[in-house]
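# Descriptive analysis of the structure
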Amino acid sequence: QTGKASTKLNAFEDELGAQPPLGFYDPLGMLNGDCSQERFDRLRYVEIKHGRIAMLAFLGQITTRGGLHLGGNIAYSGD
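### Side note on the overall build of the protein
Secondary structure assignment for the protein yields one helix and zero strands. Among the 79 residues that make up the protein, the fraction classed as buried is 10%. Surface summary for the protein: the accessible area is close to 7100 Å², and the carbon and sulfur share equals 57%.

Here's what the structure looks like:
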């Protein structure tokens, strides 16, 4: 059994990433108050940006654990 989103949120049912059986999925209710297209686009942009940063962090962790370290010393004096 799938629940239906409110009428305002039905505008996002055809967006990229909305898939059956859930359709548009907003578990934290971030679009409950202000559900304009601008806000939706901004939240999607921020989600993609954070995902890319997380992927780079993971790659850095794997690279360092694999034994590849960048040369040089950390300058604690700030020079």
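### A few points about the layout of surface pockets
The space that makes up the largest pocket amounts to roughly 410 Å³. If you trace the largest pocket, you find 17 residues lining it, with Phe24, Tyr25, Phe40, Arg44 and Glu47 closest to the centre. Residue composition of the lining of the largest pocket, by class: eleven nonpolar, two polar and four charged.

### Brief notes about the nonpolar core
By size, the foremost hydrophobic cluster in this structure holds five residues: Phe12, Phe24, Leu31, Cys35 and Phe40. In contact with phenylalanine 40, not counting residues within four places along its chain, are Phe12, Glu15, Phe24 and Leu31.

### Some thoughts on the environment of phenylalanine 12
Considering the arrangement of structural elements, one finds phenylalanine 12 in the segment before helix H1 (37–65). Between the C-alpha atoms of phenylalanine 12 and glutamine 37, which are 25 residues apart in sequence, the distance is 8.5 Å. Not counting the four nearest positions on each side in its chain, phenylalanine 12 is found in contact with Ala18, Phe24, Leu31, Cys35, Ser36, Gln37 and Phe40.

What counts, and where the lines are drawn
- Residues numbered from 1 in each chain as written.
- Predicted model: local features only at pLDDT ≥ 70, side-chain atom pairs only at ≥ 80, totals over all residues.
- Heavy atoms only, no water.
- Helix = DSSP H or I, 4+ residues; strand = E, 2+ residues; numbered from the N terminus.
- Buried < 20%, exposed > 50% of the residue type's maximum accessible area, 1.4 Å probe, protein only.
- Areas by Shrake-Rupley, 256 points an atom, 1.4 Å probe, with all protein chains shown as cover.
- 1 Å grid on protein atoms, 1.4 Å probe; cavity = no way out; pocket = protein on both sides within 12 Å on 5 of 7 lines; lining within 4 Å.
- Points joined across faces, edges and corners; volume = space filled by probe spheres on them.
- Nonpolar A, V, L, I, M, F, W, Y, C, P; charged D, E, K, R; others polar.
- Core = buried A, V, L, I, M, F, W, Y, C linked by side-chain atoms within 4.5 Å.
- Contact = heavy atoms within 4.5 Å.

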